[in-house]
There are 2 protein chains.
Amino acid sequence: MRLDDLGEFPLIERLTAGLESRTDVALGVGDDAAALDLGHDLGADHLLLATCDAQVEGTHFLTSVATPEEIGHKALAVNLSDIAAMGGEPLWALVSLLAPPDLEVTTLDGVYSGMRALARRFNVALVGGNVSSTPGPLTLDVTALGRVSRQRLVTRAGARPGDRLLVTGRLGAAVAALLAFTAAPPDAAIPTEALAEARRAMVTPQPRVREGMALAATGQVTAMLDISDGLAGDLGHICQRSGVGAIIELAALPVDASTRALALALGRDPLRLALTSGDDYELLCAVRPEGVAAALEAVRAVGGSATIIGEITAPEEGLRVRAQNGALLAVDARGWDHLRPHDQPPDAKTDMGEQSAGSGARS
Amino acid sequence: MRLDDLGEFPLIERLTAGLESRTDVALGVGDDAAALDLGHDLGADHLLLATCDAQVEGTHFLTSVATPEEIGHKALAVNLSDIAAMGGEPLWALVSLLAPPDLEVTTLDGVYSGMRALARRFNVALVGGNVSSTPGPLTLDVTALGRVSRQRLVTRAGARPGDRLLVTGRLGAAVAALLAFTAAPPDAAIPTEALAEARRAMVTPQPRVREGMALAATGQVTAMLDISDGLAGDLGHICQRSGVGAIIELAALPVDASTRALALALGRDPLRLALTSGDDYELLCAVRPEGVAAALEAVRAVGGSATIIGEITAPEEGLRVRAQNGALLAVDARGWDHLRPHDQPPDAKTDMGEQSAGSGARS
């Protein structure tokens, strides 16, 4: 059955039937707005966090690669990731659905099933939304709301020279999978298991909510964000907001074996993919040097992994990468720009140049 | 200049430069999420309200009719209207923009200018958002957040038989203008001034924020919503949620002179347009009989207008209209369904039938 056969209100009822709630949801789906009970928890000690991010078919997900469940997962995950990047706890989400009228209803069943499964895992209540018809591609626009203790809020603006750079999880898998699906040379021998693993990273990114809260709770994190525009690009955001420079140790980037295998088969440098992958949704943060051990331990304690990949420098030193041969290279911190045309994901090859001798400090 | 010439981050900076804020915005545009200070105001006494609604070019607005400023105004207005419908005070908004890459940047300048002007009028801070490229039509998806005193929250669910129905403002102008622009008979003599006035109602709906807060503050309003699916359709929502029926007095519907003139020129019945107009964004509420005078006075006191248009009945009596000849007609409460194809706006002619003698109570 198509959406326009079912109709708007039956669709909303179908998608929201038996939705899990939270005790702080005074009024959920089905009125003009959701009413959320801030109670005593979210009074003077906490800040409310709010973020929204859209996923557009063909741009942010490919129906040829991702299942409806995975599409739903990712639409919510990227928003929980933004809450995590502030050190916050996600609480509620609203889903705005823009769907072509000839879409099969079962596709949306799958999308909402994926979203609900992830919401359940993080105790997030889906409290509202909107359904609109569009002649354009299927688009899921999610708003996530959360809270953070006033003392724990971590922005992009606090990094200081000498802070170490810490990243959660592994980098590069999402872009390696994307390249394998969309730009593999015809004669490339793509390793099946490696592709399956990288595909999972691409279509079901795991929001680092527990890691973000644990990192913020150490009190040692001076700046944090999630990597959605590529490590280099997002580090550029921290540098800009904090008024600092940074060095990334290329050899230190955490890249797993399947991403390496996939990159090899595609004729790409896995570390350069890790540097510019646009869809990792790992957390990147600056940590005071004396807090590094505590930060690493905090992530480990919640079942996550974290790696030190560089450090914050003085602003005039800009954003640089130390290559495996020891050379310091300036990086164009463009990362992903969602409005410019991309024939292929950005590759560090085109963005890096040998830094001029005059401005380069080596250590 | 096109969006893809400017790029994502310069665009965001351009659209958000010098944005007005509020003292309760701890962190606005430019990080992973906005951080909002609930302070002492929004503690145990208040509920947080959250709603989102998307406007799609060609479906919710026509670039041939509305200026960019008007498009921006409406995208925010329909969301403030949802907060108003809960008796709430809008505080913050997030804007998710889905734009084709070849769109002119100046068009978005206008859209944001319209949005910012309305935000300023209601002291709403634009605190975040998202920009995504889409091959589909220009789409503005706004999330509005607000607050309401726990004792003042008005949902769709509290109407009781005997309550009177009150509507703010005037009805039917938006659909009359839409018909004039899209479905006027070739020989129709459209009155210019009437069209200009109806067009204004269509492209710049006024969110009834002050009216909604004033109505809720009387403590006499048992159910409320904003009319976005048409008076009959939205009253159907109240009936369904409250488990009641209702009678609309057709002759009582507030229709202004320009809408009447326009309907006449189009060969339409203005009262039937008022009954089914999909885009009025007036508030419709049920008021205890003893509270009617207080409710009318409360709206007047904030500079608004309100009209009593019917009453709530027992559920088994369904949703009915009393025609000018006194006949009681059953109404199909379908209203607007945003997923079904519409050759033209729904017209009461096709939705009404003489009610069978068996179930009709006349008074």
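Please read all numbers here as calculations on a predicted model, not as lab measurements. (Residues numbered from 1 in each chain as written. Chains lettered and ligands numbered in written order. Predicted model: local features only at pLDDT ≥ 70, side-chain atom pairs only at ≥ 80, totals over all residues.)

## Quick notes on the overall build of chain A
Scanning chain A from N- to C-terminus turns up 12 helices and 14 strands. When burial is assessed residue by residue, chain A has 61% of its 363 residues classed as buried. For chain A, the share of sequence-separated contacts (at least 6 apart) that also reach a separation of at least 24 residues comes to 85%. (Helix = DSSP H or I, 4+ residues; strand = E, 2+ residues; numbered from the N terminus. Buried ≥ 20, exposed ≤ 12 C-beta atoms within 10 Å, placed from the backbone. Contact = placed C-beta atoms within 7 Å.)

## Side note on helix H5 (residues 173-182) of chain B
Because an α-helix packs 3.6 residues into every turn, residues spaced three or four apart end up facing the same way. All names here are of chain B. Of all 10 residues in H5, eight are buried; the element is thus mostly enclosed. Residues Ala173, Ala174, Val175, Ala176, Ala177, Leu178, Leu179 and Ala180 constitute the buried set of H5. On the buried face of H5, the contacting elements are helix H6 (192-203), helix H9 (257-266) and helix H10 (270-276).

## What about the relation of the copies chain A and chain B?
When chain A is fitted to chain B, the best match, at an RMSD of 0.0 Å, comes from turning it 180° and sliding it 0.0 Å along the axis. Between the two chains, the operation in question is that of a two-fold axis. Considering only C-alpha atoms, the part of chain A nearest the rotation axis is glycine 136 of chain A, at 1.9 Å. Most of the interface of chain A is mirrored in chain B, where 100% of its interface residues again form contacts. (Least-squares fit on C-alpha atoms with pLDDT ≥ 70 in both.)

## Considerations on the sheet that holds strand E1 (residues 25-27) of chain B
Sheet architecture is open: six strands sit in the order E5(A)-E4(A)-E6(A)-E3(A)-E2(B)-E1(B), paired in mixed fashion. At either end of the open sheet lies a strand with only one pairing partner, and these are strand E5 (125-133) of chain A together with E1 of chain B. Averaged over neighbouring strand pairs, the angle between their axes works out to 20° when direction is ignored. Looking at chain direction, strand E4 (residues 89-99) of chain A and strand E6 (residues 139-149) of chain A are connected through nine bridges and run antiparallel. Counterpart to serine 96 of chain A in the pairing with E6 of chain A is aspartate 141 of chain A. The strands touched by helix H3 (residues 68-84) of chain A are strand E3 (46-56), E4 and E6 of chain A; relative to E3 of chain A, the strand with the most contacts, the crossing angle is about 145°. (Pairing = 2+ DSSP bridges. Axes fitted to C-alpha atoms, helices over the stretch in contact; angles between N-to-C directions.)

## Brief notes about the nonpolar core
Leu49 and Ala50 of chain A together with Leu49 and Ala50 of chain B are the most contacted members of the largest nonpolar core, which has 240 residues in total. With near-sequence residues (within four places) excluded, leucine 49 of chain B lies in contact with Ala33, Ala34 and Ala35 of chain A together with Ile83, Met86, Gly88, Leu145, Gly146, Arg147 and Val148 of chain B. (Core = buried A, V, L, I, M, F, W, Y, C linked by C-beta atoms within 7 Å.)

## As for the pairing of strand E11 (residues 306-313) of chain A
Residue and element names in this part refer to chain A. Most of E11 sits inside the fold, with six of its eight residues counted as buried. Bridge count for strand E7 (residues 164-168) against E11 is five bridges, and the pairing is antiparallel. For leucine 165, the partnering residue across the bridge sits in E11 and is glycine 310. Where strand E9 (residues 245-249) meets E11, four bridges bridge the pair, whose relative direction is antiparallel. For isoleucine 248, the partnering residue across the bridge sits in E11 and is glycine 310.

## Thoughts on unusual backbone geometry
Phi is positive for tyrosine 281 of chain A, which is not a glycine, with a value near 55°. With a phi close to 55°, asparagine 123 of chain B is a non-glycine residue in the positive phi region. Relative to the helices and strands, asparagine 123 of chain B is located in the loop between helix H4 (105-121) and strand E5 (125-133).

## Here's the deal with the packing of helix H5 (residues 173-182) of chain A against helix H6 (residues 192-203) of chain A
Residues and elements named next belong to chain A. Axis separation between H5 and H6 bottoms out at 7 Å; the angle between their running directions is 115°. The angle between H5 and H6 falls in the class roughly perpendicular. Considering only the axes of H5 and H6, their crossing is left-handed. Of the residues in H6, those in contact with Ala173, Ala174, Ala176, Ala177, Leu178 and Ala180 of H5 are Leu195, Ala198, Arg199, Ala201 and Met202. In terms of residue class, the contact of H5 with H6 is made up of 10 nonpolar, no polar and one charged. (Parallel < 35°, antiparallel > 145°, perpendicular 65-115°, else oblique. Left-handed = near helix turned anticlockwise from the far one by under 90°. Nonpolar A, V, L, I, M, F, W, Y, C, P; charged D, E, K, R; others polar.)

## Points about the domain arrangement of chain A
Residues and elements named next belong to chain A. Entries for chain A in the domain assignment read domain 1 (3-149) and domain 2 (164-354). A separation of 27 Å is found between the C-alpha centroids of domain 1 and domain 2. Taken residue by residue, the interface counts 16 residues in domain 1 and 19 residues in domain 2. Taken together, the residues of the side of domain 1 that touches domain 2 sort by class into nine nonpolar, three polar and four charged. (Domains from an automatic or database assignment.)

## Examining the pairing of strand E7 (residues 164-168) of chain B
Residue and element names in this part refer to chain B. Most of E7 is tucked away: five of the five residues are buried. The side-chain alternation of E7 yields two buried faces, one formed by Arg164, Leu166 and Thr168 and the other by Leu165 and Val167. When E7 meets strand E10 (residues 283-287), the two strands line up antiparallel, connected through four bridges. Bridged to valine 167 within E10 is leucine 284.

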